[in-house]
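# A structural walkthrough
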Amino acid sequence: MSQTIYSFFQNFFDGETNIVFLLAFILFLASLSLKNIDYEYRPIDLFSEESKVSIFQFTLRIPRFCQNDPEFVKHNPAKKVPTLVINGLSLTESLAIIEYLDEAFPDPPFLPKELDQRAYSRAIALHIVSSIQPLQAISIHKMLNEKEKRYGDFWCNHFVNRGFKALEELLIKYSGKYCVGNQLTIADINLPSIIYNAKIYNVDMTQYPTIVRIGETLNEHPKFKPAHPDLQPDAPKTTKADM
């Protein structure tokens, strides 16, 4: 039985720059792929007041639904993505969904057997989703750019860099082939999306060779490749990350 994932690939056009916000693509599509779970993909446009519309200068290959769509609000009253509808449940929040998938579908596991490595994996994942992701969120970027031209871009670059400095040190300490040793964990599931956004915000990735190395390894993994945001049905033909 196919599950439904509500996710988001948004191009916010301010007249001068195309900013592509990646919230959940790689993270959740890779999670479902690793667990061999079929899914139906439904994109949510967080900037549109109407469903099934094409926005800005891009021609969409599939319709998007707005965040006020009654069906979506029924599953997530907070009107946020990601949202996963599975086994009759409506699940929200990144790590909560990943933990549910790992407990409901234990093979392959998203956490190592060793207690210390389980803790390291959780710590890296939490650092990404709580110390980096919120400070470069769509709402913050948009509000700051409205207050002062390009200030949102500066803000996001600054705080992604700050988070990456700590992340690089964590990965130097704990990584092997992947973020923690040589097993894919919840840390790896969370890493590619924040790397993708870092490139959009013009972060100098040469400062973070360990992050880059693991990111490149994940990009070549057969379960992560199909989850790349540029390959999703509603992705625009050209994104800033390609430029």
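Everything numeric in this text was worked out from a predicted model, so none of it was measured.

Before going further, it helps to spend a moment on the side chain of Asn-161. Within the element layout of this structure, Asn-161 appears in helix 6 (residues 151-174). On the basis of relative accessible area, Asn-161 is assigned to the buried category, the value being 13%. Engagement of the side chain of Asn-161 in a polar contact is seen with the side chain of Tyr-208, the distance being 2.6 Å. Contact partners of Asn-161, with chain neighbours within four places excluded, come to Val-203, Gln-207 and Tyr-208.

Turning our eyes to something else, we now look at helix 7 (residues 186-200). Across the 15 residues that make up helix 7, a large majority, 14, are buried. In the segment just after helix 7, Asn-202 is the residue with positive phi, at about 60°.

Inspection of the entire model under this criterion finds three salt bridges. Note that Lys-142 and Glu-146 form a salt bridge whose closest N and O atoms lie 2.7 Å from each other. Note that Lys-142 and Glu-146 are positioned in helix 5 (residues 138-147) at a spacing of four residues, about one turn of the helix. Overall, Glu-146 belongs to the exposed group, its relative accessible area being 55%.

Time to look at helix 3 (residues 94-104). The set of residues buried in helix 3 consists of Ser-94, Leu-95, Ile-97, Ile-98, Leu-101 and Asp-102. Mapping the buried residues of helix 3 onto a view down its axis gives an arc of 160°, with all of them on the same face.

Next up on the list: the confidence of the model for the protein chain. Any segment with low pLDDT has predicted coordinates that should not be analysed in fine detail. Here the protein chain averages 78 in pLDDT, and 69% of its residues register 70 or above. For the stretch residues 50-62, pLDDT sits under 50, and the model shows 35 contacts to residues farther than four places along the chain or on other chains. Note that pLDDT drops below 50 for residues 239-243; the model gives that stretch 15 contacts with residues more than four away or on any other chain.

Ring pairs (aromatic) are described by centroid distance and by the angle formed between their planes. Enumeration over the complete set of coordinates arrives at four aromatic pairs. Ring centres 4.5 Å apart and planes at 50° place the aromatic pair Trp-155 and Phe-159 in the tilted group. Of the two residues, Trp-155 and Phe-159 are both situated in helix 6; the distance of four residues between them amounts to about one turn of the helix. The partly exposed category is assigned to Trp-155, whose relative accessible area is 23%.

Reading guide: rules and limits
Residues numbered from 1 in each chain as written. Predicted model: local features only at pLDDT ≥ 70, side-chain atom pairs only at ≥ 80, totals over all residues. Heavy atoms only, no water. Helix = DSSP H or I, 4+ residues; strand = E, 2+ residues; numbered from the N terminus. Buried < 20%, exposed > 50% of the residue type's maximum accessible area, 1.4 Å probe, protein only. Polar contact = N/O pair within 3.5 Å; in protein donor to acceptor, adjacent residues only side chain to side chain. Contact = heavy atoms within 4.5 Å. Salt bridge = Lys/Arg side-chain N within 4 Å of Asp/Glu carboxyl O. Arc of directions from axis to C-beta. pLDDT = per-residue confidence, 0-100. Phe/Tyr/Trp six-rings, centres within 6.5 Å; stacked < 30°, edge-to-face > 60°.

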